[in-house]
Amino acid sequence: MQQLQDFISYFENSGLADNIRENDVLFPLIESMHVVAICLVVGSILVVDLRLLGLASIHRSLSRVTSGILPLTWSAFAVAVTSGLLLFISNATKYLGNGYFVAKICLICAAGLNMAIFHGISAKDLPRWENETLLPLPARLAGGLSILLWVSVVICGRWIGFTMRVQ
Amino acid sequence: MNDSGLSEFCKWLAATPLSHTIQSAGWIIPTLQTIHILSVAVVFSSAILVDLRIWRLLERDVPLPEIARRFLPTIWPVLLILLLTGSLLIVGEPRRSLLNSTFYLKMALLAVAIMLTAGLQRSISSSSIFWDKDRWRRMAGQFAATVSILVWCSILFAGRWIAYTQAG
(Lines give C-alpha, C1' and ligand atoms only; values in the text may rest on other atoms or scores of the structure.)
Protein backbone atom coordinates (compact mmCIF):
# COMPACT_ATOMS: atom_id res chain seq x y z
CA MET A 1 0.00 0.00 0.00
CA GLN A 2 2.83 2.34 0.97
CA GLN A 3 4.56 1.53 -2.31
CA LEU A 4 1.41 2.35 -4.26
CA GLN A 5 1.13 5.65 -2.42
CA ASP A 6 4.79 6.49 -3.21
CA PHE A 7 4.21 5.50 -6.81
CA ILE A 8 1.16 7.77 -7.09
CA SER A 9 2.74 10.74 -5.34
CA TYR A 10 5.77 10.40 -7.64
CA PHE A 11 3.47 11.18 -10.57
CA GLU A 12 1.39 13.71 -8.67
CA ASN A 13 4.54 15.69 -7.83
CA SER A 14 5.93 15.53 -11.36
CA GLY A 15 6.31 18.63 -13.50
CA LEU A 16 3.65 17.34 -15.87
CA ALA A 17 1.04 17.01 -13.10
CA ASP A 18 2.05 20.44 -11.85
CA ASN A 19 1.45 21.93 -15.29
CA ILE A 20 -1.99 20.34 -15.68
CA ARG A 21 -2.96 21.53 -12.19
CA GLU A 22 -1.78 25.09 -12.56
CA ASN A 23 -2.38 25.90 -16.22
CA ASP A 24 -5.76 27.55 -16.90
CA VAL A 25 -6.18 25.96 -20.32
CA LEU A 26 -4.51 22.55 -20.01
CA PHE A 27 -7.00 21.00 -17.57
CA PRO A 28 -10.17 21.99 -19.51
CA LEU A 29 -8.45 20.97 -22.76
CA ILE A 30 -7.60 17.46 -21.54
CA GLU A 31 -11.02 17.23 -19.92
CA SER A 32 -12.73 18.09 -23.23
CA MET A 33 -10.69 15.42 -25.02
CA HIS A 34 -11.75 13.00 -22.29
CA VAL A 35 -15.43 13.87 -22.85
CA VAL A 36 -15.12 13.46 -26.65
CA ALA A 37 -13.42 10.07 -26.19
CA ILE A 38 -15.93 8.84 -23.57
CA CYS A 39 -18.83 9.85 -25.82
CA LEU A 40 -17.37 7.82 -28.68
CA VAL A 41 -16.70 4.82 -26.43
CA VAL A 42 -20.24 4.84 -25.00
CA GLY A 43 -21.96 5.66 -28.29
CA SER A 44 -20.11 3.07 -30.35
CA ILE A 45 -20.33 0.29 -27.77
CA LEU A 46 -24.09 0.97 -27.63
CA VAL A 47 -24.28 -0.09 -31.30
CA VAL A 48 -22.78 -3.48 -30.38
CA ASP A 49 -24.94 -3.81 -27.23
CA LEU A 50 -28.13 -3.08 -29.17
CA ARG A 51 -27.12 -5.76 -31.70
CA LEU A 52 -26.56 -8.21 -28.83
CA LEU A 53 -30.04 -7.36 -27.55
CA GLY A 54 -31.51 -7.80 -31.04
CA LEU A 55 -32.75 -4.19 -31.11
CA ALA A 56 -30.60 -2.73 -33.92
CA SER A 57 -28.34 -3.76 -36.83
CA ILE A 58 -30.25 -7.07 -36.83
CA HIS A 59 -29.59 -7.72 -40.51
CA ARG A 60 -25.87 -8.04 -39.88
CA SER A 61 -24.14 -10.84 -38.02
CA LEU A 62 -22.68 -10.01 -34.63
CA SER A 63 -19.07 -10.46 -35.77
CA ARG A 64 -19.58 -8.12 -38.72
CA VAL A 65 -21.01 -5.48 -36.39
CA THR A 66 -18.15 -5.86 -33.89
CA SER A 67 -15.41 -5.88 -36.53
CA GLY A 68 -16.92 -2.73 -38.05
CA ILE A 69 -17.47 -0.78 -34.84
CA LEU A 70 -14.97 -1.95 -32.22
CA PRO A 71 -11.86 -0.43 -33.86
CA LEU A 72 -13.43 2.97 -33.20
CA THR A 73 -14.39 1.95 -29.66
CA TRP A 74 -10.84 0.82 -28.84
CA SER A 75 -9.18 3.88 -30.37
CA ALA A 76 -11.50 6.15 -28.40
CA PHE A 77 -10.92 4.08 -25.27
CA ALA A 78 -7.15 4.57 -25.65
CA VAL A 79 -7.66 8.36 -25.81
CA ALA A 80 -10.06 8.23 -22.84
CA VAL A 81 -7.57 6.28 -20.71
CA THR A 82 -4.63 8.53 -21.66
CA SER A 83 -6.52 11.77 -21.02
CA GLY A 84 -8.07 10.25 -17.89
CA LEU A 85 -4.64 9.32 -16.52
CA LEU A 86 -3.38 12.86 -17.15
CA LEU A 87 -6.36 14.33 -15.28
CA PHE A 88 -5.86 11.76 -12.51
CA ILE A 89 -2.19 12.49 -11.84
CA SER A 90 -2.92 16.22 -11.57
CA ASN A 91 -4.90 15.54 -8.36
CA ALA A 92 -4.35 11.84 -7.66
CA THR A 93 -4.84 11.96 -3.89
CA LYS A 94 -8.13 13.87 -4.16
CA TYR A 95 -9.45 11.58 -6.89
CA LEU A 96 -8.60 8.46 -4.88
CA GLY A 97 -10.53 9.92 -1.95
CA ASN A 98 -13.61 10.49 -4.10
CA GLY A 99 -16.14 7.67 -3.95
CA TYR A 100 -17.55 8.36 -7.41
CA PHE A 101 -14.07 8.17 -8.93
CA VAL A 102 -13.36 4.83 -7.26
CA ALA A 103 -16.81 3.56 -8.32
CA LYS A 104 -16.17 4.72 -11.89
CA ILE A 105 -12.89 2.77 -12.10
CA CYS A 106 -14.58 -0.35 -10.65
CA LEU A 107 -17.44 -0.02 -13.16
CA ILE A 108 -15.00 0.25 -16.09
CA CYS A 109 -13.25 -2.90 -14.84
CA ALA A 110 -16.65 -4.61 -14.54
CA ALA A 111 -17.48 -3.61 -18.13
CA GLY A 112 -14.16 -5.11 -19.26
CA LEU A 113 -14.83 -8.26 -17.27
CA ASN A 114 -18.32 -8.54 -18.76
CA MET A 115 -16.81 -8.37 -22.24
CA ALA A 116 -14.04 -10.87 -21.40
CA ILE A 117 -16.51 -13.36 -19.93
CA PHE A 118 -18.75 -13.03 -22.97
CA HIS A 119 -15.90 -13.58 -25.42
CA GLY A 120 -14.21 -16.30 -23.37
CA ILE A 121 -17.18 -18.40 -22.33
CA SER A 122 -20.49 -17.48 -23.92
CA ALA A 123 -19.26 -16.73 -27.43
CA LYS A 124 -17.32 -19.99 -27.97
CA ASP A 125 -19.87 -21.33 -30.47
CA LEU A 126 -20.57 -17.86 -31.90
CA PRO A 127 -20.59 -18.88 -35.61
CA ARG A 128 -23.54 -21.18 -34.90
CA TRP A 129 -25.94 -18.47 -33.74
CA GLU A 130 -24.50 -15.06 -34.54
CA ASN A 131 -26.68 -14.57 -37.63
CA GLU A 132 -29.91 -14.94 -35.68
CA THR A 133 -31.94 -11.86 -34.84
CA LEU A 134 -32.63 -13.11 -31.34
CA LEU A 135 -29.31 -14.15 -29.80
CA PRO A 136 -28.98 -16.65 -26.90
CA LEU A 137 -29.70 -15.37 -23.41
CA PRO A 138 -26.02 -14.98 -22.34
CA ALA A 139 -25.41 -12.70 -25.33
CA ARG A 140 -28.48 -10.59 -24.54
CA LEU A 141 -27.45 -10.43 -20.88
CA ALA A 142 -23.95 -9.29 -21.84
CA GLY A 143 -25.42 -6.54 -24.03
CA GLY A 144 -27.88 -5.32 -21.40
CA LEU A 145 -25.26 -5.41 -18.66
CA SER A 146 -22.82 -3.49 -20.85
CA ILE A 147 -25.35 -0.68 -21.39
CA LEU A 148 -26.07 -0.48 -17.64
CA LEU A 149 -22.36 -0.43 -16.76
CA TRP A 150 -21.38 2.25 -19.28
CA VAL A 151 -24.32 4.48 -18.36
CA SER A 152 -23.22 4.13 -14.72
CA VAL A 153 -19.66 5.06 -15.71
CA VAL A 154 -20.96 8.31 -17.23
CA ILE A 155 -23.17 9.00 -14.17
CA CYS A 156 -20.19 8.59 -11.82
CA GLY A 157 -17.97 10.64 -14.11
CA ARG A 158 -20.38 13.58 -14.06
CA TRP A 159 -20.84 13.29 -10.30
CA ILE A 160 -17.08 13.53 -9.70
CA GLY A 161 -17.30 17.12 -10.91
CA PHE A 162 -19.94 17.96 -8.30
CA THR A 163 -18.32 16.21 -5.33
CA MET A 164 -14.70 17.23 -5.80
CA ARG A 165 -13.24 20.71 -6.06
CA VAL A 166 -10.11 20.45 -8.15
CA GLN A 167 -9.06 24.05 -8.42
CA MET B 1 -31.80 42.54 -26.55
CA ASN B 2 -28.96 44.50 -24.96
CA ASP B 3 -26.75 43.14 -22.21
CA SER B 4 -28.67 44.60 -19.30
CA GLY B 5 -31.94 43.39 -20.82
CA LEU B 6 -30.48 39.92 -21.03
CA SER B 7 -29.30 40.21 -17.45
CA GLU B 8 -32.85 41.22 -16.41
CA PHE B 9 -34.23 38.25 -18.31
CA CYS B 10 -31.83 35.92 -16.47
CA LYS B 11 -32.95 37.42 -13.17
CA TRP B 12 -36.60 36.89 -14.12
CA LEU B 13 -35.96 33.32 -15.30
CA ALA B 14 -34.05 32.47 -12.13
CA ALA B 15 -37.05 33.68 -10.08
CA THR B 16 -39.58 31.39 -11.77
CA PRO B 17 -40.96 28.44 -9.76
CA LEU B 18 -39.44 25.94 -12.21
CA SER B 19 -35.99 27.47 -11.77
CA HIS B 20 -36.44 27.39 -7.99
CA THR B 21 -37.35 23.71 -8.13
CA ILE B 22 -34.29 22.89 -10.25
CA GLN B 23 -32.00 24.87 -7.95
CA SER B 24 -33.50 23.59 -4.70
CA ALA B 25 -32.58 19.92 -5.05
CA GLY B 26 -28.85 19.32 -5.50
CA TRP B 27 -29.31 16.19 -7.59
CA ILE B 28 -31.40 17.71 -10.39
CA ILE B 29 -28.66 19.59 -12.28
CA PRO B 30 -26.11 16.72 -12.22
CA THR B 31 -28.88 14.34 -13.35
CA LEU B 32 -29.93 16.64 -16.22
CA GLN B 33 -26.27 17.01 -17.21
CA THR B 34 -25.81 13.23 -17.17
CA ILE B 35 -28.85 12.66 -19.43
CA HIS B 36 -27.55 15.50 -21.63
CA ILE B 37 -24.07 13.96 -21.98
CA LEU B 38 -25.45 10.45 -22.64
CA SER B 39 -27.62 11.91 -25.42
CA VAL B 40 -24.59 13.79 -26.75
CA ALA B 41 -22.77 10.44 -26.87
CA VAL B 42 -25.51 8.96 -29.08
CA VAL B 43 -25.81 11.93 -31.46
CA PHE B 44 -22.05 12.49 -31.68
CA SER B 45 -21.17 8.83 -32.26
CA SER B 46 -23.89 8.45 -34.91
CA ALA B 47 -22.58 11.45 -36.85
CA ILE B 48 -18.93 10.38 -36.48
CA LEU B 49 -19.64 6.80 -37.60
CA VAL B 50 -21.13 8.10 -40.86
CA ASP B 51 -18.29 10.61 -41.32
CA LEU B 52 -15.68 7.88 -40.81
CA ARG B 53 -17.53 5.64 -43.29
CA ILE B 54 -17.37 8.45 -45.87
CA TRP B 55 -13.60 8.38 -45.30
CA ARG B 56 -13.79 4.56 -45.70
CA LEU B 57 -12.22 4.11 -42.27
CA LEU B 58 -14.79 1.60 -40.99
CA GLU B 59 -17.52 -0.74 -42.19
CA ARG B 60 -16.19 -0.55 -45.75
CA ASP B 61 -18.17 -3.67 -46.67
CA VAL B 62 -21.46 -1.84 -46.04
CA PRO B 63 -22.73 0.67 -48.64
CA LEU B 64 -22.80 4.27 -47.40
CA PRO B 65 -26.61 4.62 -47.79
CA GLU B 66 -27.12 1.66 -45.46
CA ILE B 67 -24.77 3.16 -42.85
CA ALA B 68 -26.57 6.51 -43.15
CA ARG B 69 -29.95 4.80 -42.74
CA ARG B 70 -28.67 2.89 -39.72
CA PHE B 71 -27.24 5.82 -37.81
CA LEU B 72 -28.46 9.25 -38.97
CA PRO B 73 -32.23 8.95 -38.23
CA THR B 74 -31.40 8.32 -34.52
CA ILE B 75 -29.93 11.82 -34.27
CA TRP B 76 -33.20 13.76 -34.58
CA PRO B 77 -35.29 12.37 -31.70
CA VAL B 78 -32.23 12.41 -29.42
CA LEU B 79 -31.66 16.07 -30.34
CA LEU B 80 -35.10 16.73 -28.82
CA ILE B 81 -33.93 15.19 -25.52
CA LEU B 82 -30.87 17.45 -25.73
CA LEU B 83 -33.09 20.46 -26.36
CA LEU B 84 -35.26 19.58 -23.36
CA THR B 85 -32.43 18.85 -20.89
CA GLY B 86 -30.44 21.81 -22.20
CA SER B 87 -33.43 24.16 -21.76
CA LEU B 88 -34.03 22.93 -18.21
CA LEU B 89 -30.34 23.48 -17.41
CA ILE B 90 -30.67 27.07 -18.70
CA VAL B 91 -33.80 27.64 -16.59
CA GLY B 92 -31.97 26.28 -13.54
CA GLU B 93 -28.86 28.43 -14.03
CA PRO B 94 -29.68 31.16 -16.59
CA ARG B 95 -26.55 33.24 -16.07
CA ARG B 96 -24.26 30.24 -16.53
CA SER B 97 -25.12 30.03 -20.23
CA LEU B 98 -27.14 33.06 -21.37
CA LEU B 99 -24.45 35.51 -20.21
CA ASN B 100 -21.67 33.32 -21.58
CA SER B 101 -20.26 33.78 -25.08
CA THR B 102 -19.09 30.13 -25.16
CA PHE B 103 -22.75 29.09 -25.00
CA TYR B 104 -23.59 31.16 -28.11
CA LEU B 105 -20.57 29.73 -29.90
CA LYS B 106 -21.85 26.25 -29.06
CA MET B 107 -25.32 27.09 -30.43
CA ALA B 108 -23.86 28.54 -33.64
CA LEU B 109 -21.73 25.41 -34.12
CA LEU B 110 -24.79 23.27 -33.42
CA ALA B 111 -26.72 25.07 -36.17
CA VAL B 112 -23.88 24.29 -38.60
CA ALA B 113 -23.73 20.66 -37.48
CA ILE B 114 -27.49 20.21 -37.88
CA MET B 115 -27.44 21.66 -41.40
CA LEU B 116 -24.44 19.54 -42.37
CA THR B 117 -25.94 16.33 -40.99
CA ALA B 118 -29.36 16.98 -42.55
CA GLY B 119 -27.61 17.79 -45.85
CA LEU B 120 -25.59 14.58 -45.73
CA GLN B 121 -28.67 12.54 -44.88
CA ARG B 122 -30.71 14.07 -47.73
CA SER B 123 -27.96 13.78 -50.33
CA ILE B 124 -27.22 10.15 -49.48
CA SER B 125 -30.87 9.15 -49.55
CA SER B 126 -31.50 11.04 -52.80
CA SER B 127 -28.93 8.96 -54.65
CA SER B 128 -26.96 6.00 -53.33
CA ILE B 129 -23.85 7.05 -55.26
CA PHE B 130 -24.21 10.78 -54.56
CA TRP B 131 -20.75 11.06 -52.93
CA ASP B 132 -19.22 8.39 -55.19
CA LYS B 133 -20.02 9.64 -58.71
CA ASP B 134 -16.53 10.82 -59.54
CA ARG B 135 -13.26 11.90 -57.94
CA TRP B 136 -14.55 15.42 -57.20
CA ARG B 137 -17.67 14.18 -55.50
CA ARG B 138 -15.57 11.83 -53.38
CA MET B 139 -13.31 14.71 -52.36
CA ALA B 140 -16.30 16.92 -51.62
CA GLY B 141 -17.78 14.14 -49.49
CA GLN B 142 -14.54 13.75 -47.56
CA PHE B 143 -14.39 17.50 -47.06
CA ALA B 144 -17.95 17.58 -45.72
CA ALA B 145 -17.19 14.62 -43.42
CA THR B 146 -14.06 16.35 -42.09
CA VAL B 147 -15.95 19.57 -41.39
CA SER B 148 -18.66 17.54 -39.68
CA ILE B 149 -16.12 15.79 -37.40
CA LEU B 150 -14.46 19.10 -36.53
CA VAL B 151 -17.75 20.91 -35.85
CA TRP B 152 -19.17 18.11 -33.68
CA CYS B 153 -15.92 17.92 -31.68
CA SER B 154 -15.96 21.71 -31.25
CA ILE B 155 -19.52 21.49 -29.89
CA LEU B 156 -18.36 19.07 -27.20
CA PHE B 157 -15.33 21.24 -26.39
CA ALA B 158 -17.52 24.34 -26.17
CA GLY B 159 -19.97 22.45 -23.97
CA ARG B 160 -17.24 21.59 -21.49
CA TRP B 161 -15.83 25.11 -21.72
CA ILE B 162 -19.13 26.71 -20.64
CA ALA B 163 -18.26 25.56 -17.11
CA TYR B 164 -14.95 27.48 -17.25
CA THR B 165 -16.14 30.73 -18.82
CA GLN B 166 -19.35 31.39 -16.88
CA ALA B 167 -20.06 34.87 -15.55
CA GLY B 168 -19.59 35.26 -11.82
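Predicted model only: the values in this text are computed from it and were never measured.

Caption draft 1: Local environment of the overall build of chain B. Within chain B, the secondary structure is distributed over seven helices and zero strands. Starting at the N terminus, the α and β elements of chain B follow one another as α-α-α-α-α-α-α. Along the first, second and third principal axes, the C-alpha atoms of chain B reach 55 × 30 × 25 Å. Per-residue burial for chain B yields a buried fraction of 33% across its 168 residues. Looking at chain B alone, contacts between residues at least 24 apart form 82% of all its contacts between residues at least 6 apart.

Caption draft 2: How the structure looks around the overall build of chain A. For chain A, the helix and strand inventory stands at eight helices and zero strands. Listing every helix and strand of chain A by position from the N terminus yields α-α-α-α-α-α-α-α. Sequence separation of at least 24 residues holds for 79% of the intrachain contacts in chain A that already meet a minimum separation of 6.

Caption draft 3: Looking closely at the confidence of the model for chain B. Mean pLDDT over chain B works out to 93, with 98% of the residues at or above the 70 mark. For this predicted complex, the interface score ipTM comes out at 0.92, while the overall pTM is 0.93.

Caption draft 4: Focus on the packing of helix α2 (residues 15-22) of chain A against helix α4 (residues 62-90) of chain A. All names here are of chain A. Interaxial distance between α2 and α4 falls to 8 Å at its minimum, and their mutual angle equals 85°. With respect to each other, α2 and α4 are oriented roughly perpendicular. Side by side, α2 and α4 meet where Ala17, Ile20 and Arg21 of the first sit next to Leu86, Ile89 and Ser90 of the second. In the contact of α2 with α4, the residues fall into four nonpolar, one polar and one charged.

Caption draft 5: Region of the structure containing the nonpolar core. By size, the foremost hydrophobic cluster in this structure holds 69 residues, and its most contacted members are Cys39, Val41 and Val42 of chain A together with Phe44, Val50 and Leu156 of chain B. Looking at this core, the elements with two or more residues in it are α3 (26-52), α4, α6 (99-122) and α8 (137-163) of chain A together with α3 (28-54), α4 (64-92), α6 (101-126) and α7 (135-165) of chain B. Residues within four places of valine 41 of chain A in sequence aside, it is in contact with Thr73, Ala76, Phe77 and Ala80 of chain A. If you look at the next biggest cluster of nonpolar residues, it comprises 10 residues, including Ala17, Ile89, Tyr95 and Phe101 of chain A.

Caption draft 6: Here's a closer look at the environment of alanine 76 of chain A. Residues and elements named next belong to chain A. Inspection of the secondary structure puts alanine 76 in helix α4. Note on alanine 76: 22 C-beta atoms within 10 Å, which makes it buried. Considering only alpha carbons, one finds alanine 76 and valine 42, 34 residues apart in sequence, at a separation of 9.5 Å. With near-sequence residues (within four places) excluded, alanine 76 lies in contact with Ala37, Leu40, Val41 and Ser44.

Caption draft 7: Region of the structure containing α6 of chain A. Residues and elements named next belong to chain A. Counted at 1.5 Å a residue, the expected span for α6 with its 24 residues is 34 Å, and the 32 Å between its end C-alpha atoms agrees. Of the residues making up α6, those classed as buried are Phe101, Lys104, Leu107, Ile108 and Ala111. Taken together, the buried residues of α6 touch α5 (92-96) and α8.

The rules we used
One numbering rule holds for all chains: residues counted from 1, following each sequence as written. Chains carry letters from A onward and ligands carry numbers from 1 onward, assigned in written order. With the structure being a predicted model, the display of local features is reserved for residues of pLDDT at least 70 and the display and counting of side-chain atom pairs for 80 or more, all residues being used for whole-chain, interface and lining totals. Secondary structure elements follow DSSP: runs of H or I of four or more residues count as helices, runs of E of two or more count as strands, with numbering from the N terminus. Counting other C-beta atoms within 10 Å of each residue's C-beta, where C-beta atoms are placed from the backbone, gives the exposure class: buried for 20 or more, exposed for 12 or fewer, partly exposed between. By definition, residues are in contact whenever their C-beta atoms, placed on the basis of the backbone, come within 7 Å of each other. Confidence of the prediction at every residue is given by pLDDT, a number between 0 and 100. Lines fitted to the C-alpha atoms define the axes, with helices restricted to the stretch that makes contact. Angles between their N-to-C directions range from 0 to 180 degrees. An angle counts as roughly parallel when it lies under 35 degrees, as roughly antiparallel when it exceeds 145, as roughly perpendicular when it falls between 65 and 115, and as oblique in every other case. Throughout, the ten residues Ala, Val, Leu, Ile, Met, Phe, Trp, Tyr, Cys and Pro are labelled nonpolar, Asp, Glu, Lys and Arg are labelled charged, and all others, Gly among them, are labelled polar. Note on terminology: a nonpolar core is a set of buried residues of type Ala, Val, Leu, Ile, Met, Phe, Trp, Tyr or Cys, with members joined through C-beta atoms within 7 Å. Working rule for helices: expected span equals 1.5 Å times residues minus one.

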